Every structure is written in structure tokens, then in C-alpha cells.
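What the coordinates show
Each chain, letter by letter, is given below.
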Amino acid sequence: SQQGEEDPQALSIQEGENATMNCSYKTSINNLQWYRQNSGRGLVHLILIRSNEREKHSGRLRVTLDTSKKSSSLLITASRAADTASYFCATDSVGGSEKLVFGKGTKLTVNP
Amino acid sequence: DAGITQSPRHKVTETGTPVTLRCHQTENHRYMYWYRQDPGHGLRLIHYSYGVKDTDKGEVSDGYSVSRSKTEDFLLTLESATSSQTSVYFCAISVGEVRHEQYFGPGTRLTVT
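The following paragraphs examine the structure supplied in this document. It should be emphasised that the depicted structure is a prediction, and the values quoted were computed from it without experimental measurement.

1. With respect to the overall build of chain B
Each helix and strand in chain B was counted, giving zero helices and 11 strands. When the helices and strands of chain B are listed from N to C terminus, the series reads β-β-β-β-β-β-β-β-β-β-β. Computed over the C-alpha atoms, the radius of gyration of chain B is 13 Å, within 12% of the 13 Å expected from 2.2 N^0.38 for a compact globule of 113 residues. For chain B, the spread of C-alpha atoms along the principal axes amounts to about 40 × 30 × 25 Å. In chain B, the share of contacts with a sequence separation of at least 24, taken over all contacts with a separation of at least 6, comes to 54%. Counting only carbon and sulfur atoms, one obtains 48% of the accessible surface of chain B, whose full area is about 5100 Å². Averaging the locations of the 12 positively and 13 negatively charged side chains of chain B gives two centres separated by 2 Å.

Structure below.
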């Protein structure tokens with residue numbers, strides 16, 4: 001069963017706008033990760049946030065984590081057409097980080 | 001793709017035939033994973049391995065078996081393929097012993113007719 005659920009399922013924006021995707025999960029975690037998948041390709045790791053962190057930045061990416069609400073958000077600032085992809089959150093469990101459970105993803109389209 | 005290759009990349013097979021997919025890594029990482037990706041279901045874990053000859057089941061393991069006789073190779077076998085196993089299969093490795101970020105291969109598109 002899916003641990004993480006992304007919202008929205010699909011998002012269409014114009015180049016230069018910000019894109020925000022949300023992830024909710026059900027059980028306590030050690031870490032939460034975000035991945036990107038371009039059409040027809042494997043997933044690419046973007047960023048990991050630990051359960052004791054509230055916010056993390058990497059380039060144009062900003063991830064927040066609210067463990068009290070069991071939710072995370074991924075913000076992509078100043079989006080580009082090349083950001084068009086599906087984005088997945090993945091969670092581990094307090095019992096062990098070696099297995100991840102992926103959500104169903106948010107499909108982001110950035111229009112030039 | 002972090003030194004991960006999958007073979008074959010595409011395969012069409014008939015119902016009832018055995019199929020083996022291969023994942024190969026070049027960096028001696030301990031953890032390897034097989035996932036399937038289907039529309040509406042996202043990515044689901046089939047089996048994973050935490051060392052040579054050490055494997056465990058994932059969420060959707062029925063109808064699949066795995067073997068890992070060498071650190072670099074992780075094989076996924078469909079003993080008797082069914083149409084419900086038509087999917088895209090991804091292999092992944094974990095590069096962190098604590099944080100477990102995963103790196104994915106390019107995928108194998110399997111069609112069972």
C-alpha cells in the first residue's frame with residue numbers, strides 16, 4: 001500500500017512561475033525523499049530531508065517537512081520547460097530506512 | 001544512471017513463458033531493488049536484496065522470484081509470465097547505509113501477450 005500520496009496529481013504552469021507539490025504520509029519516518037522522473041526514464045534522486053529537519057534547499061528546490069501533520073512539500077522556483085516531469089515522494093519507516101515506499105506522483109508540465 | 005544497467009530494455013513474451021530480467025551495477029553497493037511501475041499505481045517494490053544470497057519480499061512479490069549470486073548482479077524471474085505482469089520494471093541501488101538514497105536503472109519494458 002502507498003505510504004506517500006502526492007497532491008495534485010497533475011499541475012500545469014507557465015515558465016517562470018513557481019510549482020508546489022505536496023506529499024502526505026501515514027506512519028512515522030526517518031527520512032523523506034523527492035525524486036523526479038522524465039518521460040521514459042528512471043527516477044532521479046533530488047533531495048532528502050530528515051525527520052528532525054523542517055526545511056531544506058537545493059538550488060531552485062525547497063522542501064519542507066511537517067512531521068506533526070505527516071506532510072511535505074516540494075517547491076520549484078522559477079520553473080523551466082526542462083522541469084517538466086513527474087515528481088514522487090518516497091518515505092522509509094522508523095523500523096528501517098532500507099526500503100522506500102513511493103507515492104503515485106505529481107505530473108508537472110511547464111509551458112514555454 | 002550511477003553505473004546501473006538493465007537487460008533487456010524491451011521484451012515481448014507470451015503468457016506462460018519464463019522471463020528473467022537482469023540488473024547489473026558496477027560500484028559494489030550492498031542494497032539492490034526491483035520495482036514495477038504501472039499507471040495509477042506509481043512505483044511498487046517487488047523484491048530487494050541486502051547482500052549476496054540475502055533477499056526479501058516487497059509489496060508485490062507474488063509471481064516473482066529473485067537471485068543474487070554476485071554483488072553486482074540482481075536477477076528478477078517471472079516463472080510463468082501473465083498479462084498482469086506487463087509493466088515497466090526498474091532496478092535500483094541504495095548508495096547510503098543510513099539515508100538510503102536510491103539510484104535507478106533505465107528500466108525494462110515488458111509486454112506479456
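Structure's up, so let's keep going.
2. Points about the nonpolar core
M21(A), L32(A), W34(A), L74(A), I76(A), Y87(A) and L108(A) are the most contacted members of the largest nonpolar core, which has 22 residues in total. Of all the elements in the fold, those that place two or more residues in this core are β2 (10–14), β3 (19–24), β4 (31–37), β5 (43–50), β7 (61–66), β8 (71–76), β9 (85–93) and β11 (106–111) of chain A. Once you skip the residues sitting within four places of it in the chain, L74(A) turns out to touch A19(A), T20(A), M21(A), W34(A), L46(A), L61(A), R62(A), V63(A) and Y87(A). Grouped together as the second largest cluster of nonpolar side chains are 19 residues, Y64(B), L78(B), A81(B) and I93(B) included.

3. Considerations on the pattern of salt bridges
All names here are of chain B. Scanning all chains against the criterion turns up six salt bridges over all chains. Close ionic contact of D73 with R22 constitutes a salt bridge, the shortest N to O distance being 3.0 Å. A residue pair is termed long-range when its members are at least 10 positions apart, and D73 in strand β8 (residues 73–78) and R22 in strand β3 (residues 19–25) qualify at 51 residues. With a shortest N-O distance of 2.8 Å, D38 and R36 are connected by a salt bridge. The residues D38 and R36 share a single accessibility class, namely buried. Bridged by salt links that share partners, the residues R22, K70 and D73 form one connected network.

4. Description of the packing of aromatic side chains
A full pass over the atoms with the stated rule returns 10 aromatic pairs over all chains. Taken together, Y35(A), F102(A), Y33(B), Y35(B), Y48(B), Y50(B), F90(B) and F104(B) form an aromatic cluster joined through their ring pairs.

Rules and cut-offs
- Residues numbered from 1 in each chain as written.
- Chains lettered and ligands numbered in written order.
- Predicted model: local features only at pLDDT ≥ 70, side-chain atom pairs only at ≥ 80, totals over all residues.
- Heavy atoms only, no water.
- Helix = DSSP H or I, 4+ residues; strand = E, 2+ residues; numbered from the N terminus.
- Rg over C-alpha atoms; globule rule 2.2 N^0.38 Å.
- Contact = heavy atoms within 4.5 Å.
- Areas by Shrake-Rupley, 256 points an atom, 1.4 Å probe, with all protein chains shown as cover.
- Lys, Arg positive; Asp, Glu negative; His and termini not counted.
- Charge placed at Lys NZ, Arg CZ, Asp CG, Glu CD.
- Core = buried A, V, L, I, M, F, W, Y, C linked by side-chain atoms within 4.5 Å.
- Buried < 20%, exposed > 50% of the residue type's maximum accessible area, 1.4 Å probe, protein only.
- Salt bridge = Lys/Arg side-chain N within 4 Å of Asp/Glu carboxyl O.
- Phe/Tyr/Trp six-rings, centres within 6.5 Å; stacked < 30°, edge-to-face > 60°.

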